[in-house]
Amino acid sequence: MQNWDVLYTNVHLATMADGYCEILDGAIAVKDGRIAWLGPRAELPASACRVVDGAGCWLTPGLIDCHSHIVHAGNRSDEFEARLNGATYEDISKAGGGIMSTVRATRAASDAELLRQSLPRVASLLAEGVTTLEIKSGYGLSLESEEKMLRVARRVGQVLPVTVATTFLGAHALPPEYAGRADDYIDAVCEQMLPALAGAGLVDAVDAFCERIGFSAAQTERVFRAARAHGLPVKLHAEQLSDQGGSELVARYDGLSADHLEYLTPAGIAAMARHGSVAVLLPGAYYFLRDTQPPPVAALRAAGVPMAVATDCNPGTSPMTSLLLAMNMVCTLWRLTPQEALAGCTLHAARALGLQEQVGSLAVGKRADFALWRIARPADLSYAIGFNPCCGVVNGGVWRAPVVSLPL
């Protein structure tokens, strides 16, 4: 007689351990917030626990959004409209727009206001079966404001039923007070911000924007060395607009991931394959910016580089709060298969956060994070556009409806 907490039966399991790894007419048991048993329902041992009938739904690992800038203040729909009315990036920048408009709004917002603006965006993801979410800083660009962003990111995981992984992205852009002094700002990131934020327990990983309009490979490496000194893993915005060798750099530091990768080279792919770094694909920015240079998906696949998929939710280039839409986009725009897309939001997304031992697949001992879907087959999750078939979510063994209530 098994002493489980709850048993879900009459479900089809997509464990994602290797491909979909389907178990039709299956069951999954939870004990103390962990998966205690799973397999065909016909093989169930006798159990003494609460039983939930899954009504023939598909059950997958909880989805994971492994790249987001979802905590920010302000709105840039005015810039979106201006561009479509003929304004150039330079025009918008001269008018005070661009990333610095978000920096100003985020710096001005209180903790409570920043949280209030961010929670509805997070709730949209949770309604689609997301159970783990990465949140980056990078719109503060000062110790005080970066700390505020990371503090609010931690608070998101306390207010809503989601596991939050925080990433310090101080090297996101050059703040106006450091104009013309990029090296001095990197000094501040490495010698002031990172030690203070890591010491406060607010940082799970460190990121940077290695690009011509961001920071050089040499400046990025200084950030990586500082992260390593604090025992923190690294990841990188790499090769989005040009080839700066960022993917090779982050791989050399055994980075968790290189993200965007539209201009990734064969050398970068080989380095990522050698060091096990995940390629995080971000179709929202590609679509929103009307880019024409796709990431080299076929070459990544051939090299065995795991490909994760994320929203890149941010106010300037990817105001997207649907991971299901991101899955459809990587299939239609870049020819990933539906199985690769789902693995990209589960198994490989967990690896991109260094959480592969805890989440990302259904296996005994892993955290009981999973989503139930009223679908005919797993490919439906990538197939439908604008349709959300999520009918229930379990976080750490606790059931919740797919739509969460926000605090007043």
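Along each chain, numbering runs from 1 in the same order as the chain's sequence is written. A pLDDT threshold of at least 70 governs which residues receive local features in this predicted model, and a stricter bar of 80 or more applies before side-chain atom pairs are shown or counted, although totals over entire chains, interfaces and linings include all residues. The side-chain quantities take in all heavy atoms of the structure and omit both hydrogens and water.

Caption draft 1: Local environment of the overall build of the protein chain. What the protein chain contains, in helices and strands, is 15 helices and 16 strands. Taken along the three principal axes of its C-alpha coordinates, the protein chain extends 70 × 50 × 45 Å. When contacts within the protein chain are restricted to residue pairs at least 6 apart in sequence, long-range pairs at least 24 apart make up 70% of them. The method behind every accessible area is Shrake-Rupley, applied with a 1.4 Å probe, and residues are considered shielded solely by the protein chains displayed. Surface summary for the protein chain: the accessible area is close to 15900 Å², and the carbon and sulfur share equals 52%. If you average the places of the 33 positive and of the 41 negative side-chain charges in the protein chain, the two averages end up 2 Å apart. To qualify as a helix, a DSSP run of H or I must reach at least 4 residues; to qualify as a strand, a run of E must reach at least 2; elements of each kind are numbered from the N terminus. Every residue pair with non-hydrogen atoms within 4.5 Å of one another is taken to be in contact. As used throughout, the charge tally considers Lys and Arg to be positive and Asp and Glu to be negative, leaving His and the chain termini uncounted. To locate a charge, take NZ of a lysine, CZ of an arginine, CG of an aspartate or CD of a glutamate.

Caption draft 2: Representation of helix H9 (residues 266-275). Accessibility here uses a 1.4 Å probe with only protein chains present; expressed as a share of the type maximum, an area under 20% marks a residue as buried, one over 50% as exposed, and anything in between as partly exposed. Taken residue by residue, H9 has Gly-268, Ile-269, Ala-271 and Met-272 as its buried positions. Here the buried residues of H9 occupy an arc of 165 degrees about the axis, which is enough to place them on one side. With respect to the buried face of H9, the exposed residues turned more than 90 degrees away are Pro-266 and Arg-274. Where H9 terminates, the next one or two residues include Gly-276, which has phi positive at roughly 80 degrees. What the arc describes is the spread of directions from the helix axis to the C-beta atoms.

Caption draft 3: Fine view of unusual backbone geometry. One non-glycine residue with positive phi stands out, namely Met-16, at about 65 degrees. Position of Met-16 among the secondary structure elements: in the loop between strand S1 (6-14) and strand S2 (22-31). Classification of Met-16 as buried rests on a relative accessible area of 1%. One non-glycine residue, Glu-239, lies in positive phi territory at about 55 degrees. Its location among the elements puts Glu-239 in the loop between strand S10 (235-238) and helix H8 (246-252). According to the relative accessible area criterion, Glu-239 is buried, its value standing at 0%.

Caption draft 4: A look at the sheet that holds strand S9 (residues 205-210). Strand pairing is defined by DSSP finding a minimum of two bridges between the two strands. What the eight strands build is an open sheet, ordered S6-S7-S8-S9-S10-S11-S12-S13; its pairing is parallel. One side of each edge strand has no neighbouring strand; the edge strands of this open sheet are strand S6 (63-65) and strand S13 (307-309). Adjacent strand axes in the sheet meet at a mean angle of 25 degrees when their direction is disregarded. Against the sheet, helix H6 (residues 182-199) contacts strand S8 (163-171) and S9, and its axis sits at roughly 150 degrees relative to S8. Helix axes are fitted only over the stretch in contact, all axes being lines through C-alpha atoms; the angle between N-to-C directions runs from 0 to 180 degrees. Seen against the sheet, helix H7 (residues 217-229) touches S8, S9 and S10 and runs at an angle of roughly 175 degrees to S9.

Caption draft 5: Layout of the layout of surface pockets. Of the volumes computed, that of the second largest pocket is approximately 180 Å³. Using a 1 Å grid laid over the protein atoms alone, points where a 1.4 Å probe fits but cannot get out form a cavity; open sets with protein on both sides within 12 Å along at least 5 of 7 lines form a pocket; any residue with an atom within 4 Å of a point counts as lining. What lines the second largest pocket is a set of 14 residues, and nearest its centre among them are Asn-75, Arg-76, Asn-314, Pro-315 and Pro-319. Grid points are joined across faces, edges and corners, and a volume is the space filled by probe spheres set on the points.

Caption draft 6: Examining the packing of H6 against H7 more closely. Close contact between H6 and H7 brings their axes to 10 Å; oriented N to C, the two are set at 10 degrees. By the angle class used here, H6 and H7 are roughly parallel. Of the residues in H7, those in contact with Ala-182, Asp-183, Ile-186, Asp-187, Val-189, Cys-190 and Leu-194 of H6 are Gln-219, Arg-222, Val-223, Ala-226 and Ala-227. Note that Gly is not counted as nonpolar here; it falls among the polar residues with everything else outside the nonpolar set of Ala, Val, Leu, Ile, Met, Phe, Trp, Tyr, Cys and Pro and the charged set of Asp, Glu, Lys and Arg. Partitioned by chemical class, the residues of the contact of H6 with H7 number eight nonpolar, one polar and three charged. Roughly parallel here means an angle under 35 degrees, roughly antiparallel means over 145, roughly perpendicular means 65 to 115, and every remaining angle is called oblique.

Caption draft 7: Quick look at the nonpolar core. By size, the foremost hydrophobic cluster in this structure holds 96 residues, and its most contacted members are Val-156, Phe-168 and Val-206. With residues up to four places along the chain from it excluded, the contact list for Val-156 reads Val-71, Leu-115, Leu-119, Val-122, Ile-135, Val-162 and Val-164. We call a set of buried Ala, Val, Leu, Ile, Met, Phe, Trp, Tyr and Cys residues a nonpolar core when their side-chain atoms join them within 4.5 Å. Judged by nonpolar contacts, the second largest core, of 17 residues, contains Leu-13, Ile-23, Leu-362 and Phe-370.

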